[in-house]
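Structural characterization, general
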Amino acid sequence: MDRPTIAVTGATGRLGGRVARLLAERGVAQRLAVRSPDRAPALPDAVAVRCAYDRPDQVATALDGVETVLMVSGSETPDRVEQHRTFIDAAAAAGVHRLVYVSFYGAAPDATFTLARDHHATEEHLRASGLVTVVLRDNFYLDFLPELVEADGVIRGPAGTGRVAAVAQDDIAEVAAAVLTAPGSHDGATYSLTGPESLTLAEAAEVIGRRTGRSVRFEDQTLDEAYATRAGQAPDWQLDAWVSTYTAIAAGELAGVTDDVPRLTGHPARSLDDLLAAPGT
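Residue indices begin from 1 for each chain and proceed along its sequence in written order. Local features are withheld for residues below a pLDDT of 70 in this predicted model, meaning they are given only at 70 or higher, and side-chain atom pairs are given and counted only at 80 or more; totals for whole chains, interfaces and linings count all residues. Values reported for side chains reflect all heavy atoms of the structure, with hydrogen atoms and water molecules removed beforehand.

We now examine the overall build of the protein. Helix and strand definitions follow DSSP, with helices as H or I runs of at least four residues and strands as E runs of at least two, each counted in order from the N terminus. Regarding its fold elements, the protein presents ten helices and nine strands. A globule of 281 residues ought to have a C-alpha radius of gyration of about 19 Å, and the protein, at 19 Å, matches this closely. The C-alpha extent of the protein, read off along each of the three principal axes, is 50 × 40 × 35 Å. Relative to its full complement of 281 residues, the protein shows a buried share of 53%. In the protein, of all internal contacts separated by at least 6 residues, the share reaching a separation of at least 24 is 73%. Carbon and sulfur atoms provide 48% of the accessible area of the protein, an area that totals close to 11,900 Å². Within these notes, the globule rule equals 2.2 Å times the number of residues to the 0.38 power, and the radius of gyration is based on C-alpha atoms. Residue burial is assigned from relative accessible area. The probe radius is 1.4 Å, only protein chains are included, and a residue is buried under 20% of its type maximum, exposed over 50%, and partly exposed in between. Whether two residues are in contact is decided by their heavy atoms: any pair within 4.5 Å suffices. To measure how exposed things are, a 1.4 Å probe is used in the Shrake-Rupley method; for residues, cover is taken only from the protein chains shown.

Here a cavity is any set of points on a 1 Å grid over the protein atoms alone where a 1.4 Å probe fits but cannot get out, and a pocket is any open set with protein on both sides within 12 Å along at least 5 of 7 lines; a residue lines the site when it has an atom within 4 Å of a point. Grid points are joined across faces, edges and corners, and a volume is the space filled by probe spheres set on the points. The space that makes up the largest pocket amounts to roughly 1,400 Å³. Lining the largest pocket are 50 residues, with Gly74, Glu76, Arg80, Tyr141 and Phe144 sitting closest to its centre. Mapped onto the lining of the largest pocket, the elements with two or more residues apiece are helix H1 (14–25), strand S2 (30–34), helix H3 (80–93), strand S5 (98–104), helix H4 (114–127), helix H7 (223–230) and helix H8 (236–250). Per-element accounting of the lining of the largest pocket gives the leading share, six residues, to H8. Charged residues are taken to be Asp, Glu, Lys and Arg, nonpolar residues to be Ala, Val, Leu, Ile, Met, Phe, Trp, Tyr, Cys and Pro, and polar residues to be all remaining types, Gly included. Broken down by class, the residue content of the lining of the largest pocket amounts to 21 nonpolar, 19 polar and ten charged.

As a further point, take the UniProt feature "domain: NAD(P)-binding" (unreviewed entry) in the protein. On the UniProt side, "domain: NAD(P)-binding" (unreviewed entry) is annotated at positions that read residues 10–183 here. Summarising residues 10–183: 34% helix, 19% strand, and an end-to-end C-alpha distance of 20 Å. UniProt positions are given in the numbering used here, feature names are shortened, and annotations may be inferred rather than shown by experiment.

With their axes 10 Å apart at the nearest point, H7 and H8 run at an angle of 140° to one another. Accordingly, the angle class assigned to the pair H7 and H8 is oblique. The two elements H7 and H8 cross, and the hand of that crossing is right-handed. Touching Leu223, Ala226, Tyr227 and Arg230 of H7 are Leu239, Asp240, Trp242, Val243, Tyr246 and Thr247, all from H8. Classifying every residue of the contact of H7 with H8 gives seven nonpolar, one polar and two charged. Angular values range over 0 to 180 degrees, each being the angle between N-to-C directions of two axes fitted as lines to C-alpha atoms, with helices fitted over their stretch in contact. Orientation is classified from the angle alone, with under 35 degrees giving roughly parallel, over 145 giving roughly antiparallel, 65 to 115 giving roughly perpendicular, and any other angle giving oblique. Helix crossings fall into two classes, left-handed where the near helix is turned counterclockwise from the far one by less than a right angle and right-handed where it is turned clockwise.

Bringing H1 into the picture now. Taking 1.5 Å per residue as the helical rise, H1 with its twelve residues ought to reach 16 Å, and the 17 Å between its terminal C-alpha atoms agrees with that figure. Extensive coverage of H1 is indicated by the burial of nine of its twelve residues. The set of residues buried in H1 consists of Leu15, Gly16, Gly17, Arg18, Val19, Ala20, Leu22, Leu23 and Ala24. Looking at the buried residues of H1, the elements they touch are strand S1 (6–9), S2, strand S4 (68–72), S5 and helix H5 (169–180). Take the number of residues in a helix, subtract one, and multiply by 1.5 Å to get its expected span.

On to empty space enclosed by the protein, then. Summed over the entire model, instances satisfying the criterion amount to one cavity of 30 Å³ or more. When its volume is computed, the largest cavity comes out at roughly 30 Å³. Contributing to the lining of the largest cavity are Leu142, Leu145, Val164, Ala165, Ala166, Glu197 and Leu199. Split by residue class, the lining of the largest cavity holds six nonpolar, no polar and one charged.

The next subject is the sheet that holds S4. Read across the open sheet, the seven strands follow the order S3-S2-S1-S4-S5-S6-S8; overall the sheet is parallel. Edge positions in the sheet fall to strand S3 (46–50) and strand S8 (190–193), since each has one partner strand and no second. This sheet shows a mean twist of 20° between the axes of neighbouring strands, independent of strand direction. For two strands to be treated as a pair, DSSP must find no fewer than two bridges joining them. The pairing of S4 with S5 spans five bridges and is classified as parallel. Within S5, the residue paired with Val69 across the bridge is Leu99. Packing against the sheet, H1 makes contact with S1, S2, S4 and S5, and its axis sits at approximately 150° to S1. Lying on the sheet, H5 is in contact with S1, S4, S5, strand S6 (132–138) and S8; it crosses S6 at an angle near 165°.

As structure tokens, this is what we get:
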């Protein structure tokens, strides 16, 4: 096997795993930099190496000789930004040339969605690192919209009539694979990845119900109701993230539709209807 010049993080997860499989299908040698190598997918021309974002020694070993890294954002934790900074610094020290970062749509220091602020902080550190960067700012995952439906068939949250241009993970993965396999062609770019339409959660509930045969509806909540119904289920920082998922939609910060997915993949972005109509969904 050729010495891999591409490394993919998060390959044991949904998004990173999709990217790794696409690269393998294209015959690209890759290094899977993951916390648990035994959980990494077994793919042709791929080798799994241990790599935790907060362990510079592991990052240095995992990325030795690697030119381009796909950095899937780490698990949601209070110190996620610090872990990201540690990884970025260690990647630069290891001689990595290019880092492709999976960020969030509209990442900004004052974004309503609290975790989008983490992504902004990461982007700022990345740009100051000296690494060549490509930023993939994906909207909320289209795949997760059906998971918002509670056991009683209701999506609850303070989203009002706001709209969200959620994007399929398969489309994000295809964009990432296109960027990784055309090194240099996207350097310095920031792409905003969305689906082909902007839906209210009431409209999303209608599509989910129609495709699943369930009775599904959206119930708007006040901010107080949103926190009250989620109280005790998670730490405060995580509750803020959950609730701001909906308030960011209400604020209109996730409504914009772009053509970045079709431009980079060569096909239309998947809609919620497309996603739920796919075999095995």
